[in-house]
Amino acid sequence: MTKKGFVHKIHKNLCKGCGICVHYCPKNVLEMNHDNKVVAKRPADCIGCHLCELRCPDFAIQVEACDFPDANNKKVTKKG
Amino acid sequence: MYNENIFDYMRTEKLPHIWCPGCGHGIITASIVRAISNLKLDKNNIAFVSGIGCSGRTPGYLDFNTLHTTHGRSLTFSTGIKMAKPKLKVINVLGDGDALAIGGNHFIHACRRNIDITAIIYNNSIYGMTGGQFSPTTPDGFIASTTPYGNCDPSFDVVKLASAAGASFVARGDAFHVLQLDKILQKAIDHKGFSVVDVLTTCPTQLGRRNKMKKPWENLDYIANQTVSIKKYETMSENEKQGKFPIGIFIEEKRDEYVETYTKRVINKAKGRK
């Protein structure tokens, strides 16, 4: 069994750390790390609204739909 | 719709771009690329022209036939390109100062001719690159480096200006409502005739910093609060309309296109054809 999920492709060299994606994410998936670059902290919570991708001024983030193995997904949701 | 690779249309070796963190120009550039990609246009059939200013940097990052021209005169270069090679799709990006102040004259005359060019105005209400002087679209009461007591000049309404000057496609979008902007840009690029899209965007560095909007998202939230759809705008009272910007497509009509008219009425006659 597989479950649909989303992968966040983040181009760290392009990110300038403005924080727009973190602010507008409805599910708090993204966070800024100590380098002031965005990281996907809780990708299992992502609902695929693409708001981060659409509003990123630096083309630094791309959200892609993909299939996760179910076992992995369960682990992540339990933690959450 | 979202996942087509926008980097296929970009000169990735030039990235990251020079715009400040949180600048809305990047959002609009990505939107233009998505619109072009949705229309499935060939890269080699697009001429991308810009003037001077922050918006003028755009062609440097895009992998089309690009041209970076003089301040305010980019529409004249575009007109030349379109007349010489009518098969090219000409897209012209302008800043608000570029289109309305320095190039105001060229702008209204390009509208009048209805030549097949798409003019996209990156309207951030300030001269960002030169140090935050107020521009013809700075809202009332806003502080800029040259208006320390607040701006008291009435501002231009780009939509009204372009419609009065005779553009056959006039729309307004903004950097907050990105999906709507994608659709508007797609229609504007596809339209035959002069199309003007006024895109409201942000300048956190020069405008936001001086007007209690230090964070980039506070600037975007300001735009979100100031914009309403055309339908809702029509039902609002005069008091409520103060400072609000209707967004959507205002004019979309078919009219004689300039290159065709010119070919028919001047070039063919000069060459002795009927």
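Residues numbered from 1 in each chain as written. Chains lettered and ligands numbered in written order. Predicted model: local features only at pLDDT ≥ 70, side-chain atom pairs only at ≥ 80, totals over all residues. Heavy atoms only, no water.

### So, the overall build of chain A
So, step 1. A tally of helices and strands in chain A yields three helices and four strands.
So, step 2. Taken over 80 residues, chain A has a buried fraction of 41%. (Helix = DSSP H or I, 4+ residues; strand = E, 2+ residues; numbered from the N terminus. Buried < 20%, exposed > 50% of the residue type's maximum accessible area, 1.4 Å probe, protein only.)

### As for the confidence of the model for chain B
So, step 1. Overall, the predicted model of chain B reaches an average pLDDT of 92, with 98% of residues at or above 70.
So, step 2. Across the predicted assembly, pTM comes out at 0.92 and ipTM at 0.85. (pLDDT = per-residue confidence, 0-100.)

### Some points on the sheet that holds strand β10 (residues 245–252) of chain B
All names here are of chain B.
So, step 1. Taken together, the eight strands give an open sheet; going across it, the order is β2-β1-β3-β4-β8-β7-β10-β9, and neighbouring strands pair in mixed fashion. Edge positions in the sheet fall to β2 (65–68) and β9 (227–229), since each has one partner strand and no second. Averaged over all neighbouring strand pairs, the angle between strand axes comes to 25°, with direction disregarded.
So, step 2. As paired strands, strand β1 (residues 46–50) and β2 are joined by four bridges and run parallel to one another. Bridge pairing in β2 links V49 to L67.
So, step 3. Contacts from helix α6 (residues 158–165) reach β4 (117–123), β7 (169–174), β8 (195–200) and β10, with the element oriented near 170° to β7. (Pairing = 2+ DSSP bridges. Axes fitted to C-alpha atoms, helices over the stretch in contact; angles between N-to-C directions. Contact = heavy atoms within 4.5 Å.)

### Here's the deal with the side chain of B:S125
So, step 1. Within the secondary structure, B:S125 sits in the loop between β4 and β5 (126–127).
So, step 2. What B:S125 contacts, discounting residues up to four positions off in sequence, is B:D96, B:S135, B:T137, B:T138, B:P139 and B:L207.

### Quick look at the packing of helix α1 (residues 25–38) of chain B against helix α7 (residues 178–190) of chain B
Residue and element names in this part refer to chain B.
So, step 1. Two elements in contact, α1 and α7, have axes separated by 8 Å at closest approach and are oriented at 55°. By the criterion of interaxial angle, the relationship of α1 to α7 is oblique. By crossing handedness, the relation of α1 to α7 is classed as right-handed. Residues I27, I28, S31, I32, R34, A35, I36 and N38 of α1 pack against V178, L181, D182, L185, Q186 and I189 of α7.
So, step 2. Looking at the contact of α1 with α7 residue by residue, the class counts come to nine nonpolar, three polar and two charged. (Parallel < 35°, antiparallel > 145°, perpendicular 65-115°, else oblique. Left-handed = near helix turned anticlockwise from the far one by under 90°. Nonpolar A, V, L, I, M, F, W, Y, C, P; charged D, E, K, R; others polar.)

### Describing the packing of aromatic side chains
All names here are of chain B.
So, step 1. Counted by the stated rule, this structure contains six aromatic pairs over all chains.
So, step 2. Where F48 meets F64, the ring centres are 5.9 Å apart and the plane angle is 25°; that geometry is what we call stacked. Here the residue F48 occupies a position in strand β1, and F64 occupies one in the loop between α2 (58–61) and β2, the gap between them amounting to 16 residues. The exposure classification of F48 matches that of F64, with both residues buried. (Phe/Tyr/Trp six-rings, centres within 6.5 Å; stacked < 30°, edge-to-face > 60°.)

### Comments concerning the environment of B:N45
So, step 1. Tracing the chain through its elements places B:N45 in the loop between α1 and β1.
So, step 2. A residue is classified by how much of its surface remains accessible, and B:N45, at 42% relative accessible area, is partly exposed.

### With respect to the interface of chain B and chain A
So, step 1. Contacts between chain B and chain A engage 26 residues on the former and 21 residues on the latter.
So, step 2. Taken together, both faces of the contact between chain B and chain A bury some 2,100 Å²; the carbon and sulfur share is 65%.
So, step 3. Between the two partners, chain B and chain A, sit zero salt bridges.
So, step 4. Summed over the shared surface of chain B and chain A, the number is nine residue pairs in polar contact (both at pLDDT 80 or more).
So, step 5. Mapped by element, the contributors of at least two residues to the side of chain B that touches chain A are α1, α7 and α9 (216–226) of chain B.
So, step 6. With five residues, the single largest contributor to the side of chain B that touches chain A is α1(B).
So, step 7. A breakdown of the residues in the side of chain B that touches chain A according to their chemical character gives 18 nonpolar, six polar and two charged. (Buried area = accessible area lost by both parts, 1.4 Å probe. Salt bridge = Lys/Arg side-chain N within 4 Å of Asp/Glu carboxyl O. Polar contact = N/O pair within 3.5 Å; in protein donor to acceptor, adjacent residues only side chain to side chain.)

### Thoughts on the confidence of the model for chain A
So, step 1. Within chain A, residue pLDDT values average 84, and 82% of them lie at 70 or more.
So, step 2. Element-level pLDDT for chain A is lowest in helix α3 (residues 70–79) of chain A, with a mean of 51, against a maximum mean of 93 in helix α1 (residues 20–24) of chain A.

### Some details on the pattern of salt bridges
Residue and element names in this part refer to chain A.
So, step 1. This model, assessed by the stated rule, comprises 13 salt bridges over all chains.
So, step 2. Its salt-bridge partner being E64, residue K9 comes within 3.4 Å of it at the nearest N-O pair. Remark: E64 occurs in strand β4 (residues 61–69) and K9 occurs in strand β1 (residues 2–10); sequence separation between them is 55 residues.
So, step 3. For E64, a relative accessible area of 29% gives the class partly exposed.

### Examining helix α5 (residues 104–113) of chain B
Residue and element names in this part refer to chain B.
So, step 1. Along α5, the positions that sit buried rather than exposed are G104, F107, A110 and C111. Relative to the axis of α5, the buried residues are bounded by an arc of 130° and lie together on one face. Among the exposed residues of α5, those pointing more than 90 degrees away from its buried face are N105 and R112.
So, step 2. Of the surrounding secondary structure, the elements contacted by the buried residues of α5 are α3 (74–84), α4 (96–102), β4, α6 and β8. (Arc of directions from axis to C-beta.)

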